[in-house]
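Chain residues, written in single-letter form:
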Amino acid sequence: MHYNISKKVINVKKIIPVIILTIIILFALKIMNITSDEDLLSRENFLIIAHRGASAYAPEHTLESYRLAQEMGTDYIEIDLQMTKDGHLIAMHDLTVDRTTDGKGYVKDLTLEEIKSLDAGSWFSDAFKGVKVPTLEEVFEEFGHDANYYIETKNTDVNIGMEEELIRLLEKYHLTGKVASSGKVIIQSFDAESLKRIHEMDESIPLVQLISKDEINQYNLNEVKKYALGVGTHFELVSEEFIQQAKKAELLIHPFTVDDLNMIKELKDKGVTGVFTNDLAITVNIDTE
Ligand code: G3P
Ligand code: CA
């Protein structure tokens, strides 16, 4: 069938396969979450980061906490990393298992099997009795490309080789390259050397330099910009001056950890580009654009 439009002839039979192929590609990109994530790291986008998962409602750094965060509509699940005696990366904030499990001891002195025998839910509430500490690999297995990951390399003086193992797992689960640079993965650390090592291994991964109270005046943000895409610090340290410096250096600003809606709105109005929160429920009506 041929149509004549302004003397041009369009062959419908020829363009149908092109249309079908375009639809398939768009559908595949949507499944891979690439199209929707492209503007994730735009300065215009205000990000909600589920600090340790939905940790106000479920035990921090468990699959239950991450699942709930996803259900509640977070932009990112935050994952702190520790390394076991036998070299596995697990999701845990502290150096020891004491606070968030029924066990005792340093993660670095325990094997994965020993950590898996612990109850990581009862300390939070009986409803979570028997919940286990997840490995990073289990988190990737569970959420694949359906979640966005904001991962922290912690205690890097103790967790030697953590960066290499993290990159290995990101590669295994196809979370590097364009997938990472579109915003699906962010790696954060208080340790600039850890971030620089990651940057040397894989430039595709967006990095965020965390800055402690003691260091807030020591960082040259123009230097940070050479390897990182953003900075994170305690929300009480985010002054107008800090925001202006970060903006000038074209760095994203992600303060932690803000559980007060008015404070989140105030920070947003001042120009920060996202917040870590334990309490996702308060963020539901925030305009994120
Ligand atoms: O990563 C931002 C924030 O989580 C840093 O503090 O101690 O909760 O890991 P912390
Ligand atoms: Ca953290």
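A. View of the packing of helix α5 (residues 136-143) against helix α6 (residues 162-172). Packing of α5 against α6 leaves a shortest axis separation of 11 Å and a crossing angle of 20°. The pairing of α5 with α6 is recorded here as roughly parallel in orientation. Here the hand of the crossing between α5 and α6 comes out right-handed. Contact residues: Leu-136, Glu-137 and Phe-140 in α5; Leu-166, Leu-169, Leu-170 and Lys-172 in α6. For the contact of α5 with α6, the class distribution of residues is five nonpolar, no polar and two charged.

B. Here's a closer look at empty space enclosed by the protein. Inspection of the entire model under this criterion finds one cavity of 30 Å³ or more. One number sums up the size of the largest cavity: a volume of about 60 Å³. Looking at the largest cavity, the residues that line it are Glu-60, His-61, Thr-62, Ala-91, Met-92, His-93, Thr-100, Thr-101, Ala-120, Trp-123, Val-133 and Pro-134. Grouping the amino acids of the lining of the largest cavity by side-chain chemistry returns six nonpolar, five polar and one charged.

C. Structural context of the site of ligand 1. By nearness alone, every residue bordering ligand 1 is listed as His-51, Arg-52, Glu-78, Asp-80, His-93, Glu-152, Lys-154, Gln-188, Phe-190, Leu-210, Phe-256 and Phe-276. Contacts to ligand 1 include His-51, whose side-chain N or O atom sits 2.8 Å from an oxygen atom. When ligand 1 is considered free in solution it has 280 Å² of accessible area, and contact with the protein chains removes 89% of it. Residues belonging to the shell around ligand 1 are distributed by class as follows: four nonpolar, three polar and five charged.

D. How the structure looks around the nonpolar core. If you look at the biggest cluster of nonpolar residues, it comprises 59 residues, and the most contacted ones within it are Ile-79, Tyr-149 and Ile-151. The biggest single contributor to this core is α6, with five residues. If we ignore the near neighbours within four places in the chain, the residues touching Ile-79 are His-61, Tyr-66, Ala-91, Leu-136, Val-139, Tyr-149, Tyr-150, Ile-151 and Glu-152. Counting residues in each nonpolar core, the second largest holds 12 residues, with Leu-41, Leu-47, Ile-186 and Leu-252 among its members.

E. Representation of the coordination of the calcium ion (ligand 2) in the model. At this site the calcium ion (ligand 2) is bound by Glu-78 (OE), Asp-80 (OD) and Glu-152 (OE), with donor distances of 2.1 to 2.3 Å. Every donor counted, the six donor atoms about the calcium ion (ligand 2) form angles of 55 to 161° at the centre, which fits irregular coordination. Positions of the donor residues of the calcium ion (ligand 2), expressed as sequence spacing, correspond to E-x1-D-x71-E. Of this pair, Glu-78 sits in strand β4 (residues 76-83) while Glu-152 sits in strand β6 (residues 149-153), and the two are 74 residues apart along the sequence. Accessibility expressed as a relative area gives 5% for Glu-152, which makes it buried.

The rules we used
Residues numbered from 1 in each chain as written. Chains lettered and ligands numbered in written order. Predicted model: local features only at pLDDT ≥ 70, side-chain atom pairs only at ≥ 80, totals over all residues. Heavy atoms only, no water. Axes fitted to C-alpha atoms, helices over the stretch in contact; angles between N-to-C directions. Helix = DSSP H or I, 4+ residues; strand = E, 2+ residues; numbered from the N terminus. Parallel < 35°, antiparallel > 145°, perpendicular 65-115°, else oblique. Left-handed = near helix turned anticlockwise from the far one by under 90°. Contact = heavy atoms within 4.5 Å. Nonpolar A, V, L, I, M, F, W, Y, C, P; charged D, E, K, R; others polar. 1 Å grid on protein atoms, 1.4 Å probe; cavity = no way out; pocket = protein on both sides within 12 Å on 5 of 7 lines; lining within 4 Å. Points joined across faces, edges and corners; volume = space filled by probe spheres on them. Near = heavy atom within 4 Å. Polar contact = N/O pair within 3.5 Å; in protein donor to acceptor, adjacent residues only side chain to side chain. Areas by Shrake-Rupley, 256 points an atom, 1.4 Å probe, with all protein chains shown as cover. Core = buried A, V, L, I, M, F, W, Y, C linked by side-chain atoms within 4.5 Å. Buried < 20%, exposed > 50% of the residue type's maximum accessible area, 1.4 Å probe, protein only. Donors = N, O, S within 2.8 Å, 3.2 Å for Na, K, Ca; no water. Tetrahedral: all angles 85-135°; square planar, octahedral: opposite > 155°, others 65-115°.

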